[in-house]
Amino acid sequence: MRNKKAIVLLSGGLDSSTVLFYVLSKGFKVNAVIFNYGQRHKKEITRAKKIAEIAGVSRRVVKLDIPWGGSALLDKESKLTKAALKRKKIPATYVPARNIIFLSLALSYAETVSANEVFIGANAVDFSGYPDCRPAFIKAFQHAADTGTKSAVEGKR
């Protein structure tokens, strides 16, 4: 049996927590990555740490400085209204390219610790209009990982 290692992006929410326990149930040794990217709700980080502790997995909190804001999740002056969240277009809570950034860092970490898999709990059904939660984005990122990493070039997809 091969040694299965995985990186799980853990936000402290329902989707990422479900993914964490699913990955554990599949026998992976998990390294959880929690991002502190300046989000207004710091309880996400506290919850993610607690969930990692309950799951008995190692965790790493990565602090990111996104100095240009661009999201109601980052800008303290932005007001969130229910009407703004219900619009059909991409909502004010969208953080520009957040999952691209997170997955890129997780992929780099995976290569560093020889993890074979990276898991993210992006919900394609309830994605709130975020373009980087859609299946097409995940497929495109997989292609980038398969062509732009040392592991992939060496035949370890």
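Residues numbered from 1 in each chain as written. Predicted model: local features only at pLDDT ≥ 70, side-chain atom pairs only at ≥ 80, totals over all residues. Heavy atoms only, no water.

Engineer: Account for helix 1 (residues 14-25), with residues named and values stated.
Structural biologist: End to end, helix 1 covers 16 Å across 12 residues, agreeing with the expected 16 Å (1.5 Å per residue, within 8%). Buried within helix 1 are the following residues: Ser16, Ser17, Val19, Leu20 and Val23. For helix 1, the angular spread of the buried residues around the axis is 160°, confining them to a single face. Along helix 1, the residues that are exposed and aim more than 90 degrees away from the buried face are Leu14 and Ser25. Turning to helix 1, the residues buried within the fold contact strand 1 (5-9), strand 2 (29-36), helix 2 (43-55) and strand 4 (117-119). (Helix = DSSP H or I, 4+ residues; strand = E, 2+ residues; numbered from the N terminus. Expected span 1.5 Å × (residues − 1). Buried < 20%, exposed > 50% of the residue type's maximum accessible area, 1.4 Å probe, protein only. Arc of directions from axis to C-beta. Contact = heavy atoms within 4.5 Å.)

Engineer: Can you tell me about the packing of aromatic side chains, naming the residues and giving the values?
Structural biologist: Two numbers describe a pair of aromatic rings. These are the distance of the centres and the angle of the planes. Enumeration over the complete set of coordinates arrives at 4 aromatic pairs. Ring centres of Phe28 and Phe119 lie 5.6 Å apart, and the angle between their planes is 75°; on these two criteria the pair is classed as edge-to-face. Note that Phe28 is positioned in the loop between helix 1 and strand 2 and Phe119 in strand 4, a separation of 91 residues in sequence. Among the residues examined, Phe28 registers a relative accessible area of 11% and is labelled buried. Through a chain of ring-to-ring contacts, the aromatic side chains of Phe35, Tyr37 and Phe102 assemble into a single cluster. Geometry around Phe28 places Lys4 over its ring, the cationic atom sitting 4.6 Å from the centre. (Phe/Tyr/Trp six-rings, centres within 6.5 Å; stacked < 30°, edge-to-face > 60°. Lys NZ or Arg CZ within 6 Å of the ring centre and 35° of its normal.)

Purely geometric stuff here, so don't read any function into it on its own.
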